[in-house]
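If you want the building blocks of each chain, they are given just below.
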Amino acid sequence: MLTPTRLTVRGFRGFTGEQTFEFDSPVTILFGGNHYGKSSTLNALEWCLFGDKCKGADTKIRERVRWKIENRHLEHPGVMVELRLADADGECVVRRQYLPAKEGAAKNELELECPDGQSVSGSAAEQLLARWLRSSFRDFSTTVYQHQETIRGIVTQEPSERNDAIDRLLGLSDYRNLLSGIATRPDPNQRQGAITTKFGAFEGRVTTAVTLVERQLEESRREAEKLGVLPTRLTEPTALEIASQVMEDLQRFSQQLNLPPPPLGHVTRRQDLPAFESSVQSAIDRLRGSMPGQDEQTALYQRETAVIAKIDDYEKLRRRKDDFAQEVRQLDSNHGSQQRVERRMAEIDESLQELNSKEKEVSGRHHILVAALDYLQESETGQINRCPVCDTETEGLLVVLRNKLETTLQGKLEGIRKATAALRAERIVLEDPAKKYNKLNEEFAGLLDKKQQLAKDVGKLFKRDLTLQDDPVALLKGEQEQLDRRLRQLQDLIRGRQERLTQIQGELNKLRRVREALQQADKQKIIERIKESEEYRQLNEERDRLALFVNDVEAIKAAIKVASHEEASQKLDPARGAIDKFFRQLTGNTAVQEIKVELKQDARTGRNAYDITDGDGQNLTPILSQGDLTALALAMLLGLASAAGQTAPFGFVMLDDPSQSLGAEHKGNLATVLDEVCKTRQLLLATMDAEFRACLDKRLTKAKTEYIFEGWTPSAGPRVLRK
Amino acid sequence: VTTDLYRSLRELHARHGAREFGKIVQKLLAIAFRLGGFGRIVERGVQGVDVDADGGARERYTTEVKTTQKETVLFARKDIDGLAHRQRDGYRPLLAVLRLSPLSDLLIVHTESLRSGRLHIASLRPHRFHELEARLQPCFTRAVLEHFEGALTGSQFYLDRVVREYGIEVSEPAFSSPRSRGRNSVHPG
């Protein structure tokens, strides 16, 4: 157990010059007014041991937020606190220095002087000191140096906070810290769950794949069965046997046709089957395309096509001639004949000519007579009444003659014109059949040309010129019959061969089905392939490792909870009497006959839970006053401290103003309790309470050292006298 | 499991349903123990732990069999009590879990440190009895494939005859009464 023997402070908070405190008595009392440096002295000891861990928000101590280490009033602030600690191995020195940053980083350095004389500094010193102390700052601040915050934690009505505070008071923070630390890490259970989920999804896909392949295999089996291969024969030997048979059949077939044998080799391995099938298929295709008689068949088909085309041409010609004859008969029935139409048209043309001449003649005569009459009328001034031809005297002779002329010649002209119009109308009627006759004549000439051309073409087909004695259509039809006969012969021959090839093709298809079924069966071994893979083996190992890790973490957590529970029990059991005694001494509360701190396990978290009950087991938490709870916190601290064995890391207790808010009687009670504590623990106590100091003087039976803090100035710091 | 084994188990499950499937697997596991070289085997169709297998002084196992399609199995208090009862007779308690899925194997785990309740199958992995799994897995596969057709058509009644032919003791015939048949049914998970 570590106990302080000397503390030297310089530049720490309110301190300026170097100040030394000797802790050479079981009790050290720091007495003085407010702000004279008492608390800073206790804080200096604390800072020396824990450095920056005792400041900041993480301490959960309100005043430690933005807490300044250095004295703000010094021109060159530099902090040094040296603490001498003694235990069974001897005395060691802990020296911590701090230089605030002016330029660059602040300097915070720790040095240790070990009992064997060795010096360590820096991070090695921090690690060594942590091993010596075996406590976190939080533990120290609750079990050695009781802060108001700890008291507040116990006083609180919030069970989890109270349980936490009591755990700390019992020095079980390590367990809590371990559990909290585990809780801050990613939860391996979740990780395992996520992997299981992903694995499940993968397994789902495998299930689907297995089902799919099974269906495909079933389909292949059905197809193979349709081709006559029973499911029991869907084996590799069957496939190789079929392949061998196919090869023999093809070779025999080629031999029968005097064709070179297809380049196929014996298949002895399943993996060669696809290439073999491809070669067989090519050979079958080639044989189908180059079968003997097939060229002749093709030529005969071509000739037959040409012959049929010519027969067809003749048939078309015949039909056209029939149509032509029909049209001529129709015209003849309407118009007599082409000669008659043409003759009549010639007659009309002749008559029209005559009428034209006659019209010209009458018209000429009319002009002459009109000109003569005009002349006579112009040459004679008076009227001519005597005819110069017949010398007949007629009144208004010229008028009479002009009327006569008009009557006679005009009538003639009109008759001529009427006759001309009638003839022309008749001619127009005759022009259409005349044109049709001409067109038919032309067409007839074309048909004759076509007939001649066809005869030439047919001659070419038969390789000779046709004579008038030849009937080309009969010749063509005879040829067609011959071709047809030969083609039927060839077709029968080729069909037989093709059928044989089709049989071989059927065997090849069977071979394909068997091979596909075998492939599907191979594919079906998905599970085996996955399980045999290195990745799956590794995954399985990882899953095993993770499961083991999860198991271990759960076991560790359970073990921590059990250990925490057991240690709490071990600590509480011997301290129960002292806690009860101190509580009753401190409070003098007669209503509480007995106070018990019962240890339980939280049903949800498995962590320690504490019930504060009376002797009958009734929960006291709701009925205890704040003062009682404060007293309980003090009683627990002091009870545990006095009951703790020699294995506790610290052999001292620090109390800062413990009589705060206590009445005169309670102060005396506290002094009595502290006298009890002094029997097992060194006591460092700061107080400004003269009444309490008097109580301590009177009731503490152990030797005391007293430091009187008489005043404080910014430049000189606290003025301290040892009494 | 292998593909063939998975397909066979799946068909048995589809044909007979979860409850009957559990009983079938229990009997097939008993046969697997026999094929694995165990001497005295007791298969309980109705009451108590499902299978006891005695392969000599250091190989006496009592096995509760669970089948499931889920990620968890229910390891009930009565299962622990039953195993503990057999443990007192010198049998080492085991839990055999068959999850019906393509990538799951027959898990055989020690139950000494198992708690009762619904257990995640992944959490059983640290407790696996690898040696026995390796020994029984091929025997179980053989038992399933050999008796698949019979079990498919004749269910546990066919297997009852088979287990007797193998010289396995059947503590109570599964067909004793419809009521008793359902009492120790394997939970579907």
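The following refers to the structure shown. Bear in mind that the values here come from a model prediction, so they are computed numbers and not experimental data.

Summing up its helical and strand segments, chain A has 18 helices and 14 strands in all. Counting all 723 residues of chain A, 41% fall into the buried class. Look at the contacts in chain A between residues 6 or more apart in sequence, and 70% of them connect residues 24 or more apart. Approximately 39,400 Å² of chain A is accessible, and the part contributed by carbon and sulfur atoms is 50%.

Residues and elements named next belong to chain A. Strands sit in the order β8-β11-β12-β3-β13-β14 across an open sheet of six strands; the sheet is mixed. Every interior strand has two partners, whereas the edge strands, β8 (145-146) and β14 (717-722), have only one. Two strands pair when backbone bridges link them, and strand β3 (residues 27-32) and strand β13 (residues 704-713) are joined in this way by six bridges, in the parallel orientation. What sits directly across from T28, in β13, is T705. This element, helix α1 (residues 38-50), spans β3, β8, β11 (652-656), β12 (682-687) and β13 of the sheet and lies at about 145° to β11. Contacts between helix α16 (residues 626-643) and the sheet are confined to β8 and β11, with β11 contributing the most and set at about 160° to the helix.

Taken residue by residue, the interface counts 22 residues in chain B and 25 residues in chain A. Surface buried jointly by chain B and chain A totals about 1,900 Å² across both partners, of which 49% is contributed by carbon and sulfur atoms. Together, T3, L103 and R125 of chain B form the three largest contributors to the area buried by chain B at its contact with chain A, with a combined 39%. Here chain B is connected to chain A by five salt bridges. One salt bridge in this structure joins R99 of chain B and E203 of chain A, with 2.6 Å as the shortest N-O distance. Our count for the chain B to chain A interface comes out at 10 residue pairs in polar contact (both at pLDDT 80 or more). With five residues, helix α1 (residues 3-35) of chain B is the largest single contributor of residues to the side of chain B that touches chain A. Considered class by class, the residues forming the side of chain B that touches chain A number six nonpolar, eight polar and eight charged.

In this section: the side chain of R95 of chain A. All names here are of chain A. Mapped onto the secondary structure, R95 falls in strand β5 (residues 90-99). On the accessibility criterion, R95 (15% relative accessible area) is buried. Looking at R95, its side chain comes within polar contact range of the side chain of E82, at 2.9 Å. A polar side-chain atom of R95 sits 2.8 Å from a polar atom in the side chain of E113. In this structure, R95 is in contact with M80, V81, E82, E109, L110, E111 and E113, ignoring residues within four places of it in sequence.

Cut-offs and rules
- All chains use their own residue numbering, which begins from 1 and follows the written sequence.
- Written order determines the labels here, with chains lettered from A and ligands numbered from 1.
- Since the coordinates come from a predicted model, pLDDT governs what is reported: local features require at least 70, and pairs of side-chain atoms require 80 or more to be given and counted, while whole-chain, interface and lining totals use all residues.
- Excluding hydrogens and water, the side-chain figures rest on all heavy atoms present in the structure.
- Secondary structure elements follow DSSP: runs of H or I no shorter than four residues count as helices, runs of E no shorter than two count as strands, and numbering proceeds from the N terminus.
- Each residue is assigned to one of three classes by its accessible area relative to the maximum for its type, calculated with a 1.4 Å probe on protein chains only: buried under 20%, partly exposed between the two thresholds, exposed over 50%.
- Note on contacts: a residue pair is in contact if any heavy atoms of the two residues lie within 4.5 Å.
- Here the Shrake-Rupley method, with its probe set to 1.4 Å, supplies the accessible areas, and only the displayed protein chains count as covering residues.
- Whether two strands pair depends on DSSP finding at least two bridges between them.
- Interaxial angle, 0 to 180 degrees, is taken between N-to-C directions of lines fitted to C-alpha atoms, where a helix line uses only the stretch in contact.
- Accessible area, probed at 1.4 Å, shrinks when two parts are joined; the buried area is that loss added up over both.
- Here a salt bridge means any side-chain nitrogen of Lys or Arg lying within 4 Å of a carboxyl oxygen belonging to Asp or Glu.
- Under the rule applied, a polar contact is a pair of N or O atoms within 3.5 Å (in protein, one hydrogen donor and one hydrogen acceptor; residues adjacent in sequence only if both atoms are side-chain atoms).
- Residues are sorted three ways: Asp, Glu, Lys and Arg are charged, Ala, Val, Leu, Ile, Met, Phe, Trp, Tyr, Cys and Pro are nonpolar, and all the rest, Gly among them, are polar.

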